[in-house]
Amino acid sequence: MEKSRQKQVLLFYCVESEELAQKVAAQSDCIQLQSVNWRSFDDGFPNLYINNAQDIRGQHVAFLASFSSPGVIFEQLSVIFALPRLFVASFTLVLPFFPTGSFERMEEEGDVATAFTMARILSNIPISRGGPTSLVIYDIHALQERFYFGDHVLPCFETGIPMLKQRLHQLPDAENVVVAFPDDGAWKRFHKLLDHFPMVICTKVREEDKRIVRIKEGNPAGCHVVIVDDLVQSGGTLIECQKVLAAHGATKVSAYVTHGVFPKHSWERFTHKNDGSESAFSYFWITDSCPLTVKAIGNRAPFEVLSLAGSIADALQI
């Protein structure tokens, strides 16, 4: 897109996303960072102030959110609901990680599908002068969740896979890479984006009272196998997949997930130790969709962060 045709975007952001926001703004002279005073009253409830509120009238405005825990969602929603009402030309909400996406269905009466709850909340963001809010989400857990949103928002589902493909082509053994999926769901989600790589599909089978990972299709022997999924929590499934792939002859095993959630510092089980022992994973790629994880991990091997900044900057021009 020619620079003369690009729109000028004023980008607000939450506290957690400041570093990512700065990277996004560095991608384009058309993106200018704006700020919010994130304060609290003595009782803990938010005391918020949008700086330069008069100056954003008639401008294209965006907000970079991070719903990392229930405790930070309310204050961000308060700003998100306020910005479109300040007579802005358009409003875009960038929520790289949709946190309740894996709770999208009911298995028995009484289950609460919180993905639907979150979608309903975001669907009630006020309409700006430019129309419905654009909602940018990366690698949502299930594509059918787009139908959870109402007509007041326009979900734009992006993916981190292009960053992974770029990194894989930089590897010294790029010609020997095989992509593996931990289950059929991950295969359905990503295989069309990676169809020029040989593939292995794993599956879980029940043996007595245990669920065991098996290889369903493909051959990892002699290859650098990269396990691909949308998110990781404890990492147990990835570890079991690694063991099976190595047992079937994989020379290296790496992993990629768009969202490194890693509750309770579960990423620590993947780090390379300094005791001379060899890690099970050669590389573990994540994006910066979960800023607290990125900050906690730092530069610890085998982790590498593939930034979404360039992709977000492009999405703000849609």
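Going by what an unreviewed UniProt entry lists, the protein chain is known as ribose-phosphate diphosphokinase and is assigned to Dillenia turbinata. For the record of the protein chain, the UniProt heading Catalytic activity (unreviewed entry) holds the text "D-ribose 5-phosphate + ATP = 5-phospho-alpha-D-ribose 1-diphosphate + AMP + H(+)". We quote the UniProt Sequence similarities (unreviewed entry) comment for the protein chain here in full: "Belongs to the ribose-phosphate pyrophosphokinase family."

Asks: Looking at this structure, I do not really get the pattern of salt bridges. What am I missing?
Replies: Note that side chains of opposite charge can pair when their charged atoms are close. Following the criterion strictly, the structure yields six salt bridges and no others. Here Lys 23 ties to Glu 19 by a salt bridge, and the two come within 3.8 Å at their closest N and O atoms. Taken as a pair, Lys 23 and Glu 19 lie in helix α1 (residues 18-26) at a separation of four residues, close to a single helical turn. Between Asp 173 and Lys 252 there is a salt bridge; the shortest N-O distance is 3.7 Å. Of this pair, Asp 173 sits in the loop between α4 (161-169) and β9 (177-181) while Lys 252 sits in strand β13 (residues 252-260); the two residues are 79 residues apart in sequence, bridging distant segments of the chain.

Asks: I tried to follow the nonpolar core on my own but got confused; where do I start?
Replies: In this structure, Val 24, Val 228 and Ile 312 are the most contacted members of the largest nonpolar core, which totals 38 residues. Every residue in contact with Val 228, bar those within four places of it in the chain, is listed here: Ile 161, Leu 164, Val 179, Ala 180, Phe 181, Pro 182, Ala 186, Phe 190, Leu 194 and Tyr 256. Residues Cys 14, Val 36, Phe 63 and Ile 137 belong to the second largest nonpolar core, which totals 32 residues.

Asks: Please explain the side chain of His 224 as it appears in this structure.
Replies: Within the secondary structure, His 224 sits in strand β12 (residues 224-232). Polar side-chain contacts of His 224 include one of 3.0 Å to the side chain of Asp 173. Residues contacting His 224, with those up to four places away along its chain left out, are Leu 171, Asp 173, Asn 176, Val 177, Val 178, Thr 251, Lys 252, Val 253, Ser 254 and Tyr 283.

Asks: I would appreciate a short explanation of the UniProt feature "domain: Ribose-phosphate pyrophosphokinase N-terminal" (unreviewed entry) in the protein chain in the present structure.
Replies: In the numbering used here, UniProt assigns the feature "domain: Ribose-phosphate pyrophosphokinase N-terminal" (unreviewed entry) to residues 11-124. Between the C-alpha atoms that bound residues 11-124 there is a distance of 21 Å. The span itself is 27% helix and 23% strand.

Asks: Explain the sheet that holds strand β10 (residues 199-207) to me, please; I cannot follow it from the model alone.
Replies: Hydrogen bonds along the backbone pair up the strands of a sheet, which may run parallel or antiparallel. Here we have seven strands laid out as an open sheet, ordered β11-β10-β9-β12-β13-β14-β15, and mixed in their pairing. Single-partner strands in this sheet number two, and they are β11 (210-217) and β15 (303-306). Strand-to-strand twist of the sheet, defined as the mean angle between neighbouring strand axes without regard to direction, takes the value 25°. As defined by bridge partners, β10 adjoins β11 across seven bridges and the pair is classed as antiparallel. In the sheet register, Ile 201 faces β11, and the bridge partner there is Glu 217. Helix-sheet contacts for α4 involve β9, β12, β13, β14 (284-287) and β15, and the interaxial angle to β15 is about 125°.

Quick notes on the rules
Residues numbered from 1 in each chain as written. Predicted model: local features only at pLDDT ≥ 70, side-chain atom pairs only at ≥ 80, totals over all residues. Heavy atoms only, no water. UniProt positions renumbered as here; feature names shortened; annotations may be inferred. Salt bridge = Lys/Arg side-chain N within 4 Å of Asp/Glu carboxyl O. Helix = DSSP H or I, 4+ residues; strand = E, 2+ residues; numbered from the N terminus. Core = buried A, V, L, I, M, F, W, Y, C linked by side-chain atoms within 4.5 Å. Buried < 20%, exposed > 50% of the residue type's maximum accessible area, 1.4 Å probe, protein only. Contact = heavy atoms within 4.5 Å. Polar contact = N/O pair within 3.5 Å; in protein donor to acceptor, adjacent residues only side chain to side chain. Pairing = 2+ DSSP bridges. Axes fitted to C-alpha atoms, helices over the stretch in contact; angles between N-to-C directions.

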